[in-house]
There are 2 protein chains.
Amino acid sequence: MARYGKEHREETRKRILESAGRRFKKDGLDGSGIATLMSDAGLTNGAFYAHFSSKDELVEAVLSEQLQAQVADFKALSPGRAGVAELVQMYLSPDHRDHPASGCPSAALLDEITRCSEGARRSYMSGFSEIVDEIAVRLVPADPSSVRGVAASVFAMMVGTVQMSRALTDRKLADELLAASTRHAFELLGLDHA
Amino acid sequence: MARYGKEHREETRKRILESAGRRFKKDGLDGSGIATLMSDAGLTNGAFYAHFSSKDELVEAVLSEQLQAQVADFKALSPGRAGVAELVQMYLSPDHRDHPASGCPSAALLDEITRCSEGARRSYMSGFSEIVDEIAVRLVPADPSSVRGVAASVFAMMVGTVQMSRALTDRKLADELLAASTRHAFELLGLDHA
DNA sequence: TGTACATCAGTGAACGCGCGTTCACTGATGTAC
DNA sequence: TGTACATCAGTGAACGCGCGTTCACTGATGTAC
C-alpha cells in the first residue's frame, strides 16, 4: 500500500467509525462482527487493530461520534422553539422509523448500551445531556434548567416510541403510535401543533 | 431419569421459559447462549431440543409468556385509575430500573425485539396491545378508544425512560429522569400526583 | 537522475473459543407376564 | 412377588461455524545517496 500523509490514517478511522455506526444501528452491537464492519469500510479484518485496540473501544468511539453527530444535526435546524418542533416531527416520522441505519443511535441501540462497559455508557451520557440541554435552552433561554426534566422525558418518549413503532408488525398501529406521541410531545413541550 | 406423568414435561418447559425470561432480560437475546439458559433451568444443553425446535422458537415463547405475565401483574393492581397510577409509579421506580431480570421485557429488550423474526414481533405486539387496552379501559371505561393514543405514548415514555435511566452512569441524573417522567406521565394521563 | 532502502497501512491465514444444533446413549420408572 | 422389557426426559460429546484477536507478510511510496 501507498505511504500516505498523516491525514490518511485519520480519514480511514473516521470511515470505519461512520460505517460501523450504520451497521451497529442496523444489526445491533452483538450482531455486527469485526470482519463485516471492516468489509463495510472497504478493508479486511486484520486492519482493524491498527485503528482500535478492541471491539469495546470501537463501540465507545462509535457511540461518542454518533451522539455528537446527532447534536450537530439538531443544532443545524431552525433556531429556537421552531427547531424543537422540527426535531420532534423528524424523530417521530415513519421515515426515521423505517431507516434505523441512518437514524438515532438511542432508538436503535439503547438497551444494548445498557449492558455496555462503563466507558461506553459515559460516552452515551454526555451526548444525552447535550441533547437535553439543547432542547431546554431553546424552550426557555432565560431559565433552561426549569425545563430540563420535560426535555428529558420527551426525549425518552420519542426513543421508546420509535422502538415500539419498529417492533409492531401492524403498520397502521405503528403509524398511529408515532402520530399520538407527536401530539403528546408537543403538548408537554407547550408547542403549537403544526 | 424417571418416567414421569405428562404434567412433568409441561413443568420443565415452564421452568425453562421463566429462567430464560430472566436471563434474556439480564444479558440480552444475543448475549444468552443455549448452554447457559439450560443450566439456569438446572438442565444440560442437549435437553433443549426436547422442548423447543430452535432458539428463535424459544425467544418467541418467552416473549409471549413475559408479556402475558406483565398483563396479569397489571390486572392484579388496584382497580380503575388507581391501578394505573400504581403501574406508573412501580414502572418508573429505581427498584425496577435496578432489577432488569425481574422487570419489564420491553424495557430490557425492545430494540433487540425490533430485529427479531416476525413471529416474535407478533407475540410482542399482542402483549403490547393488551397493556395499552388495559390502561385505556381503566382511564375511560365508557370510551377506552379515545385514550388509547395517550396510553400508548405514556407506555413508550416509560419504556424509554427506564432504558435511559439504566444507561446513565450518573445515578442522581438517572433518578431525576425517573421522577420527571413520573410527573409527566401523570400529567398526560390526567391523574392526581401522589 | 537512478537505485537501494525504510516506512507503514493494509492483507489474509490462523489461533482458541463459544455458539446453535445433533445424536447415540443412560437410567429410573411403570407395565407385562 | 419377581423379573424382563418399553418408555422417554435428560446427558454429554461432537458437528461446523463465526466470533474477536494475533501476526508474519506485502507492496506502493517517500527519502537517502
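You'll find the structure just up there.
Residues numbered from 1 in each chain as written. Chains lettered and ligands numbered in written order. Predicted model: local features only at pLDDT ≥ 70, side-chain atom pairs only at ≥ 80, totals over all residues. Heavy atoms only, no water.

Section: the packing of aromatic side chains
(1) Moving on: Under the defined criterion, the tally for this structure stands at 10 aromatic pairs over all chains.
(2) Moving on: With 6.2 Å between their ring centres and 80° between their planes, Tyr91 of chain A and Phe155 of chain A make a pair best called edge-to-face. Taken together, the positions of Tyr91 of chain A in helix α4 (residues 80–91) and Phe155 of chain A in helix α8 (residues 148–167) put the pair 64 residues apart, joining distant regions of the chain.
(3) Moving on: Ring geometry for Tyr124 of chain B and Phe128 of chain B: centres 6.5 Å apart, planes at 20°, overall stacked. (Phe/Tyr/Trp six-rings, centres within 6.5 Å; stacked < 30°, edge-to-face > 60°. Helix = DSSP H or I, 4+ residues; strand = E, 2+ residues; numbered from the N terminus.)

What about the pattern of salt bridges?
(1) Moving on: Counted under the stated rule, the structure contains 24 salt bridges over all chains.
(2) Moving on: In this structure, Arg23 of chain B and Asp40 of chain B form a salt bridge, with 2.7 Å as the shortest nitrogen-oxygen distance. Residue Arg23 of chain B is found in helix α1 (residues 6–27), and its partner Asp40 of chain B is found in helix α2 (residues 34–40); the two are separated by 17 residues along the sequence.
(3) Moving on: Residue Asp40 of chain B is classed as partly exposed on the basis of its relative accessible area of 32%.
(4) Moving on: Here the salt bridges share partners, and the residues they tie into one network are Arg23, Lys26, Asp27 and Asp40 of chain A. (Salt bridge = Lys/Arg side-chain N within 4 Å of Asp/Glu carboxyl O. Buried < 20%, exposed > 50% of the residue type's maximum accessible area, 1.4 Å probe, protein only.)

Observations regarding the packing of helix α3 (residues 55–75) of chain A against helix α7 (residues 118–139) of chain A
Residue and element names in this part refer to chain A.
(1) Moving on: For the pair α3 and α7, the least separation of the axes is 8 Å and the interaxial angle reads 10°. One element, α3, and the other, α7, form an angle in the roughly parallel class. Contacts from Val59, Glu60, Leu63, Ser64, Leu67, Gln68, Gln70, Val71, Phe74 and Lys75 in α3 reach Gly119, Ala120, Ser123, Tyr124, Gly127, Phe128, Glu130, Ile131, Glu134, Ile135 and Arg138 in α7.
(2) Moving on: Within the contact of α3 with α7, the residues separate by chemical class into 10 nonpolar, six polar and five charged. (Axes fitted to C-alpha atoms, helices over the stretch in contact; angles between N-to-C directions. Parallel < 35°, antiparallel > 145°, perpendicular 65-115°, else oblique. Contact = heavy atoms within 4.5 Å. Nonpolar A, V, L, I, M, F, W, Y, C, P; charged D, E, K, R; others polar.)

Comments concerning the interface of chain A and chain B
(1) Moving on: Listed as interface residues are 47 residues of chain A and, on the opposing side, 47 residues of chain B.
(2) Moving on: When the two sides are added together, the surface that chain A and chain B hide from each other amounts to roughly 3,600 Å², 66% of it contributed by carbon and sulfur.
(3) Moving on: Area buried by chain A at its contact with chain B is led by Arg115, Met164 and Thr169 of chain A, which between them contribute 18% of it.
(4) Moving on: In this structure, the connection of chain A to chain B is made through two salt bridges.
(5) Moving on: Glu112 of chain A is the salt-bridge partner of Arg115 of chain B, the closest N and O atoms lying 3.0 Å from each other.
(6) Moving on: Along the contact surface separating chain A from chain B lie 16 residue pairs in polar contact (both at pLDDT 80 or more).
(7) Moving on: Per element, the largest residue contribution to the side of chain A that touches chain B is 14 residues, and it comes from α8 of chain A.
(8) Moving on: Of the residues belonging to the side of chain A that touches chain B, the class tally is 21 nonpolar, 13 polar and 13 charged. (Buried area = accessible area lost by both parts, 1.4 Å probe. Polar contact = N/O pair within 3.5 Å; in protein donor to acceptor, adjacent residues only side chain to side chain.)

A look at α1 of chain B
All names here are of chain B.
(1) Moving on: Counted at 1.5 Å a residue, the expected span for α1 with its 22 residues is 32 Å, and the 32 Å between its end C-alpha atoms agrees.
(2) Moving on: For α1, the set of buried residues is Thr12, Ile16, Leu17, Ser19, Ala20, Gly21, Phe24 and Lys25.
(3) Moving on: Those residues of α1 hidden inside the fold are in contact with α2, α3 (55–75) and α6 (105–113).
(4) Moving on: Within two residues after α1, Gly28 carries a phi angle of roughly 90°, on the positive side. (Expected span 1.5 Å × (residues − 1).)

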